[in-house]
Amino acid sequence: MRGAGAERAALRADCANCFGLCCVALTLTRSADFAVDKDAGEPCHNLQDDFRCGIHTELRTQGFPGCTVYDCFGAGQKVSQETFDGQDWRQAPQTAQQVFPVMRQLHELLWYLTEALTLRAARPLHGEIRRALETTERLTHVAPDAFADLDVAGHRDDVAALLLRTSELVRATVPRKKKRNHRGADLIGARLKGADLQGADLRGAYLIAADLTGADLRLADLIGADFRDAELSGADLTGSLFLTQAQLNAARGDAATKLPPSLSSPAHWHK
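Scoring rules and cut-offs
Residues numbered from 1 in each chain as written. Predicted model: local features only at pLDDT ≥ 70, side-chain atom pairs only at ≥ 80, totals over all residues. Heavy atoms only, no water. Helix = DSSP H or I, 4+ residues; strand = E, 2+ residues; numbered from the N terminus. Expected span 1.5 Å × (residues − 1). Buried < 20%, exposed > 50% of the residue type's maximum accessible area, 1.4 Å probe, protein only. Contact = heavy atoms within 4.5 Å. Core = buried A, V, L, I, M, F, W, Y, C linked by side-chain atoms within 4.5 Å. Salt bridge = Lys/Arg side-chain N within 4 Å of Asp/Glu carboxyl O. 1 Å grid on protein atoms, 1.4 Å probe; cavity = no way out; pocket = protein on both sides within 12 Å on 5 of 7 lines; lining within 4 Å. Points joined across faces, edges and corners; volume = space filled by probe spheres on them. Nonpolar A, V, L, I, M, F, W, Y, C, P; charged D, E, K, R; others polar. Axes fitted to C-alpha atoms, helices over the stretch in contact; angles between N-to-C directions. Parallel < 35°, antiparallel > 145°, perpendicular 65-115°, else oblique. Left-handed = near helix turned anticlockwise from the far one by under 90°. Arc of directions from axis to C-beta.

Draft legend 1. Up close: helix α5 (residues 94–116). For α5, with 23 residues, the first-to-last C-alpha span of 32 Å sits near the 33 Å given by 1.5 Å per residue. When you tally the buried positions in α5, you get 18 out of 23 residues, the bulk of the element.

And the structure:
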């Protein structure tokens, strides 16, 4: 098995080797995130013949900030170059409509499981994590016609339970007095400036437009947390659990925001 660095590299979007699948597969609803309505399977009107976005450098100013947030975890190039061996969605419509959405879910699980294997405190679970990782990877290599029959929801539930146990082991290393349980909490617009959230359970929490300036989020479980328009300037997210680039892309931050080494500051953050 490859090391975590190589695994993570394969789980990053490589648009140059994808046929713009996210621009075809996804449903867009006219909102603050998208300037138009678009049905799943319908190519975005900004998608060019070479499968590149015609307004890529102007997405935010042209009313498509949601596109800058989306992350396929490398599923796009996997489907384009491996599953369909270079056939695009015009030649094989099921590329975008049936296979890509499933592959994207599996690749997201691979991201979390790959991270879980790097966590020393979760070493007692590494055997189970490795088996789950291998199973998930195996599912990404089934034949195109087999994707429709995969029980992805059931597999996600199994992996979610394993990741929760992983999180509990890691967060148990934080002194009990510091831990906070905000799983699924409504923290929309919450004033959490400078908050001590080290080791907190923020799984699935709604942190939309929350002020987390200077907050301590080390070892906090952030899987599924909604960071849209959350202020992360000066916040410390080093060692946070299951954070993704998409979550950072949805938030706001600055050069003082501390991030895990596997992630980077979005271009729209304050410098």
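Draft legend 2. Expanded view of the side chain of T166. Structurally, the position occupied by T166 is in helix α7 (residues 152–171). If near-sequence neighbours (up to four positions away) are discounted, T166 is found in contact with A116, L119, A122, L125, I129 and F242.

Draft legend 3. Representation of the nonpolar core in the model. Within the largest apolar cluster, 50 residues are counted, with the highest numbers of intra-cluster contacts made by L202, L207, F227 and L232. Elements supplying a minimum of two residues to this core: α5, α6 (126–139) and α7. Of all the elements, α5 adds the most residues to this core, at six residues. Ranked by size, the runner-up nonpolar core spans 22 residues in total, among them F19, L21, A25 and L106.

Draft legend 4. Geometry of the pattern of salt bridges. Inspection of every chain in the model, using the stated rule, returns 12 salt bridges. Here E137 makes a salt bridge to K78, at a shortest N to O gap of 3.7 Å. Of this pair, E137 sits in helix α6 while K78 sits in helix α4 (residues 75–83), and the two are 59 residues apart along the sequence. Accessibility expressed as a relative area gives 25% for E137, which makes it partly exposed. Linked through salt bridges whose partners overlap, the residues forming this network are R104, E108 and R156.

Draft legend 5. Local environment of the layout of surface pockets. When its volume is computed, the largest pocket comes out at roughly 1,200 Å³. Around the largest pocket, the lining is made up of 41 residues, and of these C15, H56, C67, T68 and Y70 lie nearest the centre. If you list the elements that add at least two residues to the lining of the largest pocket, you get α2 (22–25), α3 (65–69), α5 and α8 (245–250). Sorting elements by how many residues they give to the lining of the largest pocket places α3 first, with three residues. Residue composition of the lining of the largest pocket, grouped by class: 23 nonpolar, 11 polar and seven charged. By volume, the second largest pocket amounts to about 710 Å³. As for the second largest pocket, its lining consists of 30 residues, of which G66, V69, R228, A246 and A250 are closest to the centre. When residues of the lining of the second largest pocket are traced back to their parent elements, those giving at least two are α3, α5 and α8.

Draft legend 6. Expanded view of the packing of α4 against α5. Two numbers describe how α4 lies on α5: the axes approach to 8 Å, and their chain directions differ by 125°. When the interaxial angle is binned, α4 and α5 end up oblique. Crossing handedness for the pair α4 and α5: right-handed. Here A75, G76, K78, V79 and T83 of α4 come into contact with α5, specifically with T95, V99, F100, M103, R104 and H107. Tallied by class, residues from the contact of α4 with α5 come to five nonpolar, four polar and two charged.

Draft legend 7. Main features of α6. Taking 1.5 Å as the rise per residue, α6 with 14 residues should run 20 Å; its terminal C-alpha atoms sit 20 Å apart, in good agreement. Listed in full, the buried residues belonging to α6 are H126, I129, A132, L133 and T136. Along α6, the residues classed as buried sweep out an arc of 125° about the axis, all on the same side. For α6, exposure combined with an orientation more than 90 degrees from the buried face picks out R131 and R138. Against the buried residues of α6 lie α5 and α7.

Draft legend 8. View of the packing of α5 against α6. Orientation of α5 relative to α6, taken along the N-to-C sense of each, is 155°, at an axis distance of 9 Å. It follows that α5 is roughly antiparallel to α6 by the angle criterion. Like other packed secondary-structure pairs, α5 and α6 cross with a definite hand, here left-handed. Between α5 and α6, the contacting residues are L106, L109, L110, L113, T114 and A116 on the first element and H126, I129, A132, L133, T136, E137 and L139 on the second. Looking at the contact of α5 with α6 residue by residue, the class counts come to nine nonpolar, three polar and one charged.

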